Amino acid sequence: MSQSSQFSDFPLQEIMDHSCVFTAVVGQDLSILKANQRLADLLGVDLDNQISLEKVLLNPKKWTDSVQQLDQGQDPIKKTLKFISKDHLPIYLKCSIGFHNGRYYMIGIDITDDVLAHKALVKVAQIAQMGGFTYNPYNDETYWTDMLYKILDLPGDYEPNGESIFDFIHPDHMEAFVLAVQSIYVDLEPYDIKVKVISFQGIEKWVRIAAYPENGFNEVLFVYGIFQDITVSETASLELRDLKETMEMALMAMNSGYFTFDLKQDDISYSKAFREELGFEDHLNKTAFKQLIHPDDVEQADQKHLEQLRDPNTQHYFNEYRLRAHDGNYQHYEVYGWKIFDKEAKVSRIIGNLINREKEHLLEVEKDKHERQLEVLIDNAFLHSVLLDKNFRIIAADSKTQHRLEKLIGVNPVLHQSDFTAVLNHEEAQDFNLLRSRLRMGDEIRMELAHQFLDPEAIYDTLYKPVLADKDAQPENYLLYFFDISEQRRIQNELKQMNHKVQQMHEMKTNILTKVGHELKTPMSSLLLTTDLLTQNPGQQMEEVLAAQRESVERINTTFDNIVNQSLVDQSITPLAKAINLTASLHQLGRTYDSKAQLKGLAYEFKNFSKPIIVDGDESFLVQSIGNVINNAIKFTEKGKVKIHCRESAGLAVIMIEDTGIGIKNELINDIFEPFHQVSSGDTRAFDGNGLGLSFTKSYLETIGGKISVSSVLNYGTLFTISLPLSQDGQGN
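How each quantity is defined
Residues numbered from 1 in each chain as written. Predicted model: local features only at pLDDT ≥ 70, side-chain atom pairs only at ≥ 80, totals over all residues. Heavy atoms only, no water. Helix = DSSP H or I, 4+ residues; strand = E, 2+ residues; numbered from the N terminus. Buried < 20%, exposed > 50% of the residue type's maximum accessible area, 1.4 Å probe, protein only. Areas by Shrake-Rupley, 256 points an atom, 1.4 Å probe, with all protein chains shown as cover. Pairing = 2+ DSSP bridges. Axes fitted to C-alpha atoms, helices over the stretch in contact; angles between N-to-C directions. Contact = heavy atoms within 4.5 Å. Polar contact = N/O pair within 3.5 Å; in protein donor to acceptor, adjacent residues only side chain to side chain. Patch = residues over 30% accessible without salt bridge, like charges linked within 9 Å, V, L, I, M, F, W, Y side chains within 5 Å. Salt bridge = Lys/Arg side-chain N within 4 Å of Asp/Glu carboxyl O. Lys, Arg positive; Asp, Glu negative; His and termini not counted. Charge placed at Lys NZ, Arg CZ, Asp CG, Glu CD. Parallel < 35°, antiparallel > 145°, perpendicular 65-115°, else oblique. Left-handed = near helix turned anticlockwise from the far one by under 90°. Nonpolar A, V, L, I, M, F, W, Y, C, P; charged D, E, K, R; others polar. Core = buried A, V, L, I, M, F, W, Y, C linked by side-chain atoms within 4.5 Å.

Participant: Got a sec to walk through the overall build of the protein chain? Specific residues and values, please.
Facilitator: A tally of helices and strands in the protein chain yields 20 helices and 28 strands. Across the 733 residues that make up the protein chain, the buried fraction comes to 40%. For the protein chain, the computed accessible surface area is about 42100 Å², with 52% contributed by carbon and sulfur atoms.

Shown next, in the form of C-alpha cells:
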C-alpha cells in the first residue's frame, strides 16, 4: 500500500472530533473558516456562521505578530494563545500554526490548568522569596529561575553552569555546603542546608538551599531544587537568640545582685551572693548606703534618684554610680528596677538589680541591652506579660496588657497593686489558685489556656515563671508570659476538618460504586439467562425471552444515561436550549409507556395538550426527565392506573403524572430527589433502581427554568407535577 493511500485512510476527522485537540482554519481576514466541534463547544460559537477570531481571542495582536513570520514562508510556529470561553473564562491553548494556500491552519491543546498552576507557583515564589534550579550532570546544563537571579542580584545575561553556585557561597560556609553537595553525588541523598551567600553586588544574604536528585543505575541522572531568601527571618532569629542570651544573663544578675528598697521603712536589702561579693551588711538604710557610694557620685546619684521617684510617666527605675567593695576599691554599677506604688499612687518600694560595669566583656554586651532591661523584657520580648509580687499582686505589665486590664477593672492595676485574680473570671481564678502552691515552691508552669482578660477568642501558651532572689529562698516575684497560638490551633483544626471531608468523599465513592454495580449486575444477569434460554430452547417462548432481553438492555441504557447526564448537569455542562414541540414529544413518549403499563395490567390514561406547545430545552434531556417520572409511576404501581394529564396555565406547560402505587412516606418526600436515594433500599428492596432518575430530572428541569413538585399518600399513590416555561419566541435560548 502506498504512503498516500495509507494517509487517505487515516481517520483525521475522527481524531479532530473525538480527541482532546482543538483545530481551526483561519482566513487572512481573521475569520474562522472551519473548526472542529470541540473548539466550537469551548468557545460557544456556531460552526454554520463564520465569526472573526478577534471576538474569541483575548490577545489578537499576538496572533498578528506571530503569523507575519508565516506569511514570509517560515515553517509552522508554536504559540500559546489566550481565548475566552462561552462561560467568559480565560482558556489557554498551546497551538501549532501553519500557513498554506492563503489560510492559517491551527491545532492546539488546552493548557489552562498548567498556565494557572504556573502563575500560582510564580506568585508563591515571589511571596516566599523562593527560586528554583535544575542541573543535568551529563551535559552540565543548568537552569535558574528569575527569582534565583533576583536573590543573587544577577544581570539578565548571566549564564550559570553546574559550578556557578560555589562562586556565591560565603567562605565561612563553604565547607558545610561542599559536604551537603557530596551527599547527592556520593550517597544519592537530597540535602537541605542554610548558608550565607554573597550576591553578585557583594551583599551578604542568608539562604536556604534544598536539592533533590533523580537517581537511576546507582548514579544521579538529574537534580532539581529550591533557593530561598531567608535573610529577614534568619536575622530575626539571631536577634531573638541574642535577646534570649541577654535575658538569661539578666536573670543571673538578678540572682546575684537583686535588691529591694523599702522607702517607707528606709530599709535596703540585697541578695546573699551580692552581699558576700561587696561585703555589705544584711540590711542598710539610705544614710549607710550613701557612705558606700563614691564621694564624687553621691550628689548626682541622689539627684537622679529623686528624679526617678518623681517621674509619673514610667514605672521603671534607673541609676548609676560607683560602689566601694570590702577591699576598699570602687567599681561602677548600673541599677535597673521597678517602682512599686502604694494605694495613694506614691512610690513605696523599688526592686531591681545592680550590674557590675567593671567587667569589660559585660560592659559591651549590657550597655545598650540592659538599659531598661525589664522594659525590654516585658514590652518587647513577648506578646503579653505581667509581673507579680510574692503575694501575687500586679506590680508591672507591658503597655498593651496594662491597658486591657485597666479597661477591664476600671483602675490602673499597677498603681493599685490589684490581685491578679481580680482580672480573671470565676473559673480562671479557681484554676490560678490551684497553681499558687506550686509557684511558691519555685516550679515553672507552662500550659495552654484561654484568657478572658486578654482575648476571649484566642488560645495562649501561658508560662508562669518564679523569680528567685536566692536559689534556696521563696520567689520574690512571678513573671507571666502569654503567647498567642490561635493561628496554630486554627490550622490544626482545618487539617482535621479536611481529613474528615476526605473520609466522607471516600465513603460516598464506595456507596456510588456499590449501587451502580448492583444496578448493572441485575440486567446483565437477566441478559445472560435469556440468552441461555434461546440457545437451549430456540423455539420456545421467543416473544417473552426477547421482551425480557429488551427490558434488560433498556434498563442498562437508562442507567448509563442517568449516570452520564447527572454528571453533566452536576458540572453545569448541558446542551444548548432549542425550541421543542412538547406536544409531539409527549405523544411519542405516551405511546412508549402505554405498552409498559399494559404489560403490568395497569389502566393507562394519557391526555396530551390540545395544541402544539413550544418550550426551550434539549429534547433528549427533557424526554428523559419526564420519562423518568412516568417510568417510576409504572414501576411502583402494582395495580390500579397511571394518569398523565397536560394543560397550559399562566405561561407554563403543566404535566401531571398520577399513580395508585405504593406512595411515599412524608419524612422521605424531600429525599427522593437526592442522588442514589431509593424509596426501598437494602439487599431485600422490592424495586430495583439506581436512585439517579429523579435527581437528574429535578437538576435538569431547574437548568431550563422548570420545576417539579410531589405529593403522596402512603399506600394510595403519588402525584408529580412538572411545570415548564413556554418559549418566548419559539427560537430557543
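Participant: Before we move on, could you go through the pairing of strand β17 (residues 384-389) and cite the residues and values that matter?
Facilitator: Counting buried residues in β17 gives six out of six residues, a clear majority hidden from the surface. A two-sided burial pattern is seen for β17, the buried positions comprising His 384, Val 386 and Leu 388 on one face and Ser 385, Leu 387 and Asp 389 on the other. Bridging between β17 and strand β21 (residues 475-484) involves six bridges; their strand directions are antiparallel. When the sheet's bridge partners are listed, Asp 389 is paired in β21 with Asn 477. Bridge count for β17 against strand β18 (residues 394-397) is three bridges, and the pairing is antiparallel. When the sheet's bridge partners are listed, Leu 388 is paired in β18 with Ile 394. The antiparallel pairing of β17 with β18 creates a hairpin that spans four residues between the two strands, and Phe 392 there sits at a positive phi of about 65°.

Participant: Can you tell me about the sheet that holds strand β23 (residues 603-607), naming the residues and giving the values?
Facilitator: Strand pairing in a sheet relies on backbone hydrogen bonds, with the paired strands running either antiparallel or parallel. Taken in spatial order, the five strands line up as β23-β25-β26-β28-β27 in an open sheet, and their pairing is mixed. Unpaired on one side and paired on the other, β23 and β27 (707-713) mark the two borders of the sheet. Each adjacent strand pair in this sheet contributes to an overall mean axis angle of 10°, direction not counted. Where helix α18 (residues 582-599) meets the sheet, its contacts fall on β23, β25 (641-649), β26 (652-659) and β28 (717-725), and the angle it forms with β23 comes to roughly 175°. Together, β25, β26, β27 and β28 form the strand contacts of helix α19 (residues 619-635), whose direction differs from that of β26 by roughly 25°.

Participant: Requested: an account of the environment of Ser 695, with residues and values cited.
Facilitator: As for its placement among the helices and strands, Ser 695 is situated in helix α20 (residues 693-703). For Ser 695, a relative accessible area of 3% translates into the label buried. Residues Ser 695 and Ile 672, 23 residues apart in the sequence, show an inter-C-alpha distance of 7.5 Å. A distance of 3.5 Å separates a polar side-chain atom of Ser 695 from the backbone oxygen of Phe 673.

Participant: Lay out a negative patch on the surface in plain terms, naming residues and giving numbers.
Facilitator: On the surface, Asp 140, Glu 141, Glu 163 and Asp 167 cluster together to form a negatively charged patch. You can see Glu 163 is positioned in the loop between α6 (146-151) and α7 (174-185).

Participant: Just give me the short version of the environment of Phe 200, but keep the residues and values in it.
Facilitator: Along the chain, the position of Phe 200 falls in the loop between β8 (191-198) and β9 (204-216). Put simply, Phe 200 and Leu 154 are 46 residues apart on the chain and 5.7 Å apart in space, counted from C-alpha to C-alpha. Once residues within four sequence positions are removed from consideration, Phe 200 is found in contact with Leu 152, Asp 153, Leu 154, Pro 155 and Phe 168.

Participant: Talk me through the packing of α19 against α20; I want residue IDs and the actual numbers.
Facilitator: Relative to each other, α19 and α20 sit at 140°, their axes nearing to 9 Å. By the angle between their axes, α19 is oblique relative to α20. Note that α19 runs across α20; the crossing there is left-handed. Touching Phe 621, Leu 622, Gln 624, Ser 625, Asn 628, Val 629 and Asn 632 of α19 are Gly 693, Leu 694, Phe 696, Thr 697, Tyr 700 and Leu 701, all from α20. Looking at the contact of α19 with α20 residue by residue, the classes come out as seven nonpolar, six polar and no charged.

Participant: I'd like a rundown of the sheet that holds β8, residues and numbers included.
Facilitator: Reading across from one edge, β7-β6-β10-β9-β8 is the order of the five strands in this open sheet, with antiparallel pairing throughout. Edge positions in the sheet fall to β7 (141-144) and β8, since each has one partner strand and no second. In this sheet, neighbouring strand axes are inclined to one another by 20° on average, regardless of whether the strands run parallel or antiparallel. By the bridge criterion, 10 bridges tie β9 to strand β10 (residues 219-229) in an arrangement that is antiparallel. Residue pairing in the sheet places Ala 210 in a bridge with Ile 226 of β10. Most of the contacts of α7 go to β8, to which it runs at about 145°, and overall it touches β6 (130-136), β8, β9 and β10.

Participant: Explain the side chain of Thr 583 residue by residue, including any values.
Facilitator: Topologically, Thr 583 is positioned in helix α18. Separated by 2.8 Å, the side chain of Thr 583 and the backbone oxygen of Lys 611 make a polar contact. In contact with Thr 583, other than residues within four places in its own chain, are Asn 608, Phe 609, Lys 611, Pro 612 and Ile 613.

Participant: I'd like to hear about the nonpolar core, residue by residue, with values.
Facilitator: Residues Leu 582, Leu 622, Ile 626 and Ile 655 are the most contacted members of the largest nonpolar core, which totals 39 residues. Elements supplying a minimum of two residues to this core: α18, α19, β25, β26, α20, β27 and β28. The residues touching Leu 582, leaving out its near neighbours within four places in the chain, are Phe 609, Ile 613, Val 615, Leu 622, Ile 626, Ala 653, Ile 655 and Leu 724. The next biggest cluster of nonpolar side chains, apart from the first, holds 27 residues, and it includes Ile 151, Ile 165, Phe 177 and Val 207.

Participant: Summarise the pattern of salt bridges; cite the residues concerned and give the values.
Facilitator: In a structure, side chains of opposite charge can pair up when their charged atoms sit close to one another. The tally for this structure, following the rule as stated, stands at 18 salt bridges. Between Asp 419 and Arg 436 there is a salt bridge, with its nearest N and O atoms 3.4 Å apart. Highlighted residues: Asp 419 in the loop between α14 (399-409) and α15 (426-440) and Arg 436 in helix α15, separated in sequence by 17 residues. On the basis of relative accessibility, which here comes to 25%, the residue Asp 419 falls in the partly exposed class. In this structure, Glu 658 engages Lys 643 in a salt bridge whose closest nitrogen and oxygen atoms are separated by 3.7 Å. Taken as a pair, Glu 658 in strand β26 and Lys 643 in strand β25 lie far apart in primary sequence, 15 residues in all. It is possible to trace a salt-bridge network through shared partners that takes in Lys 286, Lys 290 and Asp 302.

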